[in-house]
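Coordinate inspection notes
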Amino acid sequence: MTVQLNHTIVVAHDKRASARFLADLLGLDVSPPYGPFLPVEISNGVTLDFMDSPGAITPQHYAFLVSEDEFDEIFGRIQEAGLTYWADPFHSRPGEINHNDGGRGAYFDDPDGHRLEIITRPYGSGG
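No experiment lies behind these values; they were computed from the predicted model shown.

Looking only at helices and strands, one finds two helices and seven strands in the protein chain. N-terminal to C-terminal, the α/β element order of the protein chain is β-α-β-β-β-α-β-β-β. Over its C-alpha trace the protein chain gives a radius of gyration of 15 Å, about what one expects of a compact globule, namely 14 Å for 127 residues. Reported as C-alpha extents along the three principal axes, the dimensions of the protein chain are approximately 45 × 40 × 25 Å. Relative to its 127 residues, the protein chain shows a buried fraction of 39%. In the protein chain, the share of contacts with a sequence separation of at least 24, taken over all contacts with a separation of at least 6, comes to 51%. Just so you have it, the protein chain exposes about 7,300 Å², and 52% of that area is on carbon and sulfur atoms.

Shown next, in the form of structure tokens:
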């Protein structure tokens, strides 16, 4: 049996704004609505299905494995947008990136407080 993640739901106060925020930073497209969801498809076929929620939102963590060139592009967009970024998930190293496993990584928050991460090497891959 081959198990693959197909999609996950990302709750947001404004699904359109949140989906557009992520898609613009990562250089992706927002797909047409599917029922109450607004999907953003990642290159491996997984979709993040944004859904409106009027209540409190519990922040989730979403990490994206990107190439070195993609990191440069995305990180440039983060800086151009004036977003705060951190080298760590605890937000204790603002304005820094990390070099875990011989790669590069950065954390930033979306408009609803979800913790987003870009990394160039999977955790535990050495380096």
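So, about the side chain of R104. Along the polypeptide, R104 turns up in the loop between β5 (85-86) and β6 (105-109). Exposure remark for R104: the relative accessible area of 19% places this residue in the buried category. Reaching out from R104, the side chain makes a polar contact with the side chain of D72 at a distance of 2.8 Å.

Turning our attention to the packing of aromatic side chains. Inspection of the entire model under this criterion finds two aromatic pairs. Consider the rings of F71 and F75, whose centres lie 5.6 Å apart with planes at 15 degrees: the pair is stacked. One end of the pair, F71, and the other, F75, are both in helix α2 (residues 68-80), four residues apart, so they sit about a helical turn from each other. For F75, a relative accessible area of 13% corresponds to the buried category. Seen from their ring centres, F75 and Y85 are 4.8 Å apart, and the 80 degrees between their planes marks the pair as edge-to-face.

Right, let's get into the environment of F50. Mapped onto the elements, F50 comes out in strand β3 (residues 47-52). As a C-alpha pair, F50 and F37 span 13 residues in sequence and 5.3 Å in three-dimensional space. Excluding residues within four positions of it along the chain, F50 makes contact with V10, K15, S18, A19, L22, P36, F37, L38 and V40.

Along its 12 residues, helix α1 (residues 15-26) runs 16 Å from first to last C-alpha, staying within 8% of the 16 Å computed at 1.5 Å per residue. Its side-chain oxygen placed 3.2 Å from the backbone nitrogen of R16, D14 serves as the N-cap of α1.

Thresholds, definitions, all that
Residues numbered from 1 in each chain as written. Predicted model: local features only at pLDDT ≥ 70, side-chain atom pairs only at ≥ 80, totals over all residues. Heavy atoms only, no water. Helix = DSSP H or I, 4+ residues; strand = E, 2+ residues; numbered from the N terminus. Rg over C-alpha atoms; globule rule 2.2 N^0.38 Å. Buried < 20%, exposed > 50% of the residue type's maximum accessible area, 1.4 Å probe, protein only. Contact = heavy atoms within 4.5 Å. Areas by Shrake-Rupley, 256 points an atom, 1.4 Å probe, with all protein chains shown as cover. Polar contact = N/O pair within 3.5 Å; in protein donor to acceptor, adjacent residues only side chain to side chain. Phe/Tyr/Trp six-rings, centres within 6.5 Å; stacked < 30°, edge-to-face > 60°. Expected span 1.5 Å × (residues − 1).

Shape descriptors only; they carry no functional weight alone.
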